Every structure is written in C-alpha cells, then in structure tokens.
Amino acid sequence: MRICVIGVNHRTAPVEVREKAAIRSAELAQHLSLLHNHAPCGIILSTCNRTEVYIAENDGRDVEKTGLKFFQTYLNIPDDELTRCAYVITNQQEVAKNLYRITCGLDSLIIGEYEILGQVGNALEAAEKSGMVNLLLRHLFQGAIRAGRRVREETGISKNALSVSSVAVELAAQIIPDLSKSRLLVIGTGEAGRLVAKASKERGVTQIAVASRTLERAAELADLLGGKAVDMYNLFDELGHCDIVVGCASSPHALVDAARIESVMKGRPAVPLVIIDIAVPRNVADNVKGVNNVFLYNIDDLTEISEANRKLREVEISRAESIIREELEDLNVWWHSLESRPAVTALMEKAEAIRSAQLNSTLKKLRPLTQEENDYLEAMTKSIVVKLLKDPVHYLKNNAEGDGDGIELIRQLFRLEVEKPE
Ligand SMILES: NC(=O)c1ccc[n+]([C@@H]2O[C@H](COP(=O)([O-])OP(=O)(O)OC[C@H]3O[C@@H](n4cnc5c(N)ncnc54)[C@H](OP(=O)(O)O)[C@@H]3O)[C@@H](O)[C@H]2O)c1
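Summarised in this report is the structure supplied together with it. (Residues numbered from 1 in each chain as written. Predicted model: local features only at pLDDT ≥ 70, side-chain atom pairs only at ≥ 80, totals over all residues. Heavy atoms only, no water.)

Next up on the list: the state of the cysteines. Considering all chains together, one arrives at zero disulfides under this definition. Not engaged in a disulfide, the cysteine Cys-4 finds its nearest cysteine sulfur in Cys-41; these two sulfurs lie 14 Å apart. The exposure class of Cys-4 is buried, given its relative accessible area of 0%. Among the cysteines around Cys-242, which has no disulfide bond, Cys-248 carries the closest sulfur, lying 13 Å off. Owing to a relative accessible area of 1%, Cys-242 belongs among the buried residues under this scheme. (Disulfide = S-S within 2.5 Å. Buried < 20%, exposed > 50% of the residue type's maximum accessible area, 1.4 Å probe, protein only.)

Shown next as structure tokens:
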C-alpha cells in the first residue's frame with residue numbers, strides 16, 4: 001500500500017456530519033500543518049460534497065490510523081458518527097479511481113459540474129505550498145485533473161452544466177412558480193453566490209439583493225446584476241422584504257437562527273419565506289424549520305433534481321468512465337515504471353560504464369583515429385548496449401508489480417546495486 005484516502009461524502013454522510021468535517025479554504029493551510037504532525041505527505045480535499053484526506057505512506061506508519069486520528073482529533077466528529085459515515089480506501093488502484101471519478105464530476109451531487117475540477121486543483125496547490133506533496137501524490141492529482149479536463153472536452157457530461165447553485169435556483173422555481181415577481185436575497189459573493197445570482201437572473205428574477213460580510217464585494221456583484229448590496233449587519237432588515245433566500249457564505253457557524261427569523265416573520269406580511277441553504281457548514285440553523293411560514297431546504301434536499309440530471313447524462317457517464325479507465329491505465333504504467341526505474345537506471349549506468357571503459361582501452365591500442373572514425377565507434381558500441389539491454393529493460397518494466405521478484409532477478413543476474421524507490 002502506498003496511498004490511502006479517508007473521507008466522508010454526500011453519499012455516506014448527511015450535511016449535519018459533512019459540515020463538521022468541512023474545511024474552508026481559509027483554514028486549509030492550518031489543517032495541512034496539523035496533518036503534517038501525523039504524516040509527512042498528504043492532500044486535503046474539502047468541498048460541499050466531501051472532505052477527503054489523501055495520505056502517502058513513506059515511513060512505514062499506518063496511514064489508515066493516521067487519517068482516522070486526524071478526523072477524530074481535528075474535525076470534531078464523534079467516534080460513532082465516524083464509524084457510520086467515514087470510508088477508508090487503502091487499495092492504491094481504488095484510491096486513484098475514487099479521485100479520478102470525483103475530478104471528472106461523476107461523484108458529485110450534480111453530475112458533470114465544473115466546480116470540482118478547480119477545487120481539486122486548489123487542494124493540490126495548497127498542499128504544494130505547505131510542502132506536503134511527494135511525487136506519488138503529485139502525479140495522482142495531476143493525472144486526475146488531466147482526466148477531468150478530457151472528460152469535459154470529449155464528452156457531453158458538462159454540456160449545459162448545472163451547478164449546485166443553479167439547482168438551488170431550479171428548486172426555488174419549483175416552489176415559487178413565477179420567479180420574476182419574487183425578491184431574492186443571495187448571502188455570499190464567492191463562486192457559489194455568483195452562480196446563484198447568474199442563474200436567478202437567467203431565470204427571470206429581477207429583484208436581487210446581495211449580502212456579504214464585506215460590503216464592497218456585495219456591491220461589486222450587485223452592480224453586475226443591477227441589484228442591491230446589503231451589509232451583513234442589515235441582513236435581518238432585508239429578510240423582512242424578500243421571498244427567497246439562498247445561503248452561500250463560507251461562514252464556520254450559522255448566520256441565521258430561529259429566534260431572529262421569528263422576529264423577522266412577525267414584522268412582515270404573512271407571505272412565505274423560502275430559504276435554500278447550500279452552504280456547508282450551513283448558514284441557517286436547523287431550528288429555523290420550525291418557524292411558521294418559513295420553508296427551509298439544505299443542500300441534501302437538492303437530490304431529487306440532481307437525480308433527474310444524472311438520468312439525462314447516463315450515456316455521457318459511460319463515455320466518461322471509459323476515459324477514466326484509459327487514464328488509470330496510464331497511471332498504472334507510470335506506477336510500475338516507478339518501481340522499476342532504479343533498476344533500469346542501475347542497469348543502464350553499469351552497461352555504459354563498461355562500454356566506455358572498454359572503448360577507451362581499445363582506442364589507446366589503436367593509431368590516432370579521425371573524429372569521424374571515433375564517432376562511428378562511439379555510435380556502434382552504444383547501439384550494441386541499447387540492443388542488448390532492450391529485452392531486460394522491457395522485462396523490468398513489465399515485471400515490477402507485486403513482490404518485486406522481476407527486479408530482484410535482474411539485480412542478481414547483473415549484480416546491480418539498486419536503491420529502493422521513494
Ligand atoms: N463553490 C461552489 O460551487 C459551491 C457549491 C455548493 C456549495 N458551496 C458552498 O457554498 C459556500 C460558499 O462557497 P464558495 O465557493 O462561494 O466559497 P467562498 O468563495 O469562500 O465564499 C465567500 C463568501 O463567504 C463569505 N464569508 C467568508 N467567511 C465568512 C464568515 N466567517 N462569516 C460570514 N461570511 C463569510 C465571504 O464574505 P466576504 O468575502 O464578503 O468577506 C463571501 O461572501 C460554502 O459553504 C460551500 O461549501 C459552494
């Protein structure tokens with residue numbers, strides 16, 4: 001075993017558990033350094049659909065235990081929830097398959113979504129900055145990103161792609177038939193907030209307000225939409241006037257609770273308030289569900305629409321799966337070459353040392369040769385070495401799997417000093 005992944009995702013854990021495990025981008029560097037206390041190399045991928053920790057073993061430590069310890073210690077998930085909701089993949093091929101499927105958008109709540117490709121890239125970049133990426137992890141993540149791009153380019157999986165944000169607006173449209181007459185409030189101006197705003201505009205919403213912790217950001221997005229910017233301090237005043245709220249701020253705790261919403265509802269006409277909270281951790285406390293005339297949905301409530309989206313893309317999913325198989329085969333070849341690389345290098349170096357020593361001692365016994373004659377001899381002896389070693393090198397590259405018997409055989413036959421791969 002070389003790489004292992006431990007995680008919770010939207011299929012194994014409800015949002016109540018995922019939000020405990022969620023690591024916001026602002027906290028990623030800090031969590032990578034906590035992980036570093038347990039494992040020299042690792043990458044953390046945390047999105048609204050999952051939190052996964054990829055750990056590369058390189059000093060014989062039990063990676064599975066390390067990952068579980070990290071979840072228990074830093075992510076505030078009680079043991080019983082962890083047992084119920086976490087998965088551990090220790091087979092290297094399966095770890096790769098898991099990451100490739102995620103990056104290609106096949107494991108998302110919204111199949112084919114684009115956002116995950118950038119999120120995987122960000123996870124790799126953050127771990128690189130923290131010095132936590134070794135050759136194995138880098139190649140794995142870069143391969144997954146390549147597969148993700150190919151799937152987007154060569155299949156129709158992301159054609160008219162939906163996002164969690166656009167599906168949230170779709171849900172609003174199902175609840176409120178004429179969105180054009182509704183007032184919508186978006187909380188958050190990051191990628192999710194921008195996508196909500198864009199999708200609402202496309203759906204005909206004309207009255208959009210944008211709230212953010214930093215007023216300038218809210219104003220920037222509101223200007224683009226011809227909407228209104230709202231200071232977070234005035235959030236509750238704005239709630240008094242809107243029909244739909246979409247929560248997508250990266251806050252570590254709920255911004256809206258039942259007590260505040262109750263007082264808001266008392267001060268407004270008796271019209272329903274629909275809240276769709278796609279943030280993980282959630283922006284709106286669960287007890288808001290009990291407030292009269294308030295209809296609260298969270299990201300897990302988007303499943304029905306996402307299932308319909310999946311059905312529409314079934315043919316493309318199987319095309320994407322075959323690209324993933326091809327890319328995984330390439331990764332496998334690279335893994336095997338990694339095992340055999342030190343032996344191949346040792347074999348080539350030994351042969352080259354013998355060739356040049358023999359050629360030099362022969363040249364000393366001959367009359368001085370012209371440059372052209374020297375070049376001929378050089379080329380001829382090199383060609384003999386390459387041709388002689390072609391079969392053993394081929395054998396090494398194809399027999400490096402498993403217990404390394406193939407490498408050992410060549411090492412003994414040629415009396416090679418071979419260092420173990422990293
Ligand atoms: N990205 C997606 O496609 C996507 C999809 C589904 C769900 N989500 C979820 O939606 C949320 C936002 O995602 P994002 O990608 O848009 O993230 P993001 O870019 O980090 O979100 C930035 C927004 O969150 C606000 N924010 C950050 N820290 C805050 C805090 N402590 N208190 C209040 N507001 C705070 C920011 O305010 P200022 O910048 O104004 O200070 C900004 O409005 C996350 O919970 C994520 O899991 C995202």
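Here we come to the pairing of strand E9 (residues 273–277). For a regular strand, side-chain orientation follows a simple rule: the groups alternate between the two sheet faces. In terms of residue burial, E9 counts as a mostly covered element, since five of its five residues are buried. Where burial is concerned, the two faces of E9 agree: the one with Leu-273, Ile-275 and Asp-277 and the one with Val-274 and Ile-276 are both buried. Sheet analysis places strand E8 (residues 244–247) next to E9, joined by four bridges and oriented parallel. Looking across to E9, one finds that Gly-247 is bridged to Asp-277. Read as a crossover between parallel neighbours, the route from E8 over helix H12 (residues 258–266) to E9 is right-handed. Here E9 pairs with strand E10 (residues 294–298) via five bridges, running parallel. Among the inter-strand pairings, Ile-275 is bridged to a residue of E10, identified as Leu-296. (Helix = DSSP H or I, 4+ residues; strand = E, 2+ residues; numbered from the N terminus. Pairing = 2+ DSSP bridges. Right-handed = clockwise from strand over helix to strand, strands pointing away.)

Once that is clear, we can look at the sheet that holds strand E1 (residues 3–9). In spatial order, the strands read E2-E3-E1-E4; together these four strands make up an open sheet with antiparallel pairing. Two strands lie at the open edges of the sheet, namely strand E2 (41–46) and strand E4 (87–89), each paired on one side alone. Neighbour-to-neighbour, the strand axes of this sheet turn through a mean angle of 15 degrees, independent of strand direction. Bridging between E1 and E4 involves three bridges; their strand directions are antiparallel. Bridging across to E4, Ile-6 finds its partner in Val-88. Most of the contacts of helix H5 (residues 92–103) go to strand E3 (residues 50–56), to which it runs at about 140 degrees, and overall it touches E1, E2, E3 and E4. (Axes fitted to C-alpha atoms, helices over the stretch in contact; angles between N-to-C directions. Contact = heavy atoms within 4.5 Å.)

By themselves these figures say nothing about function.
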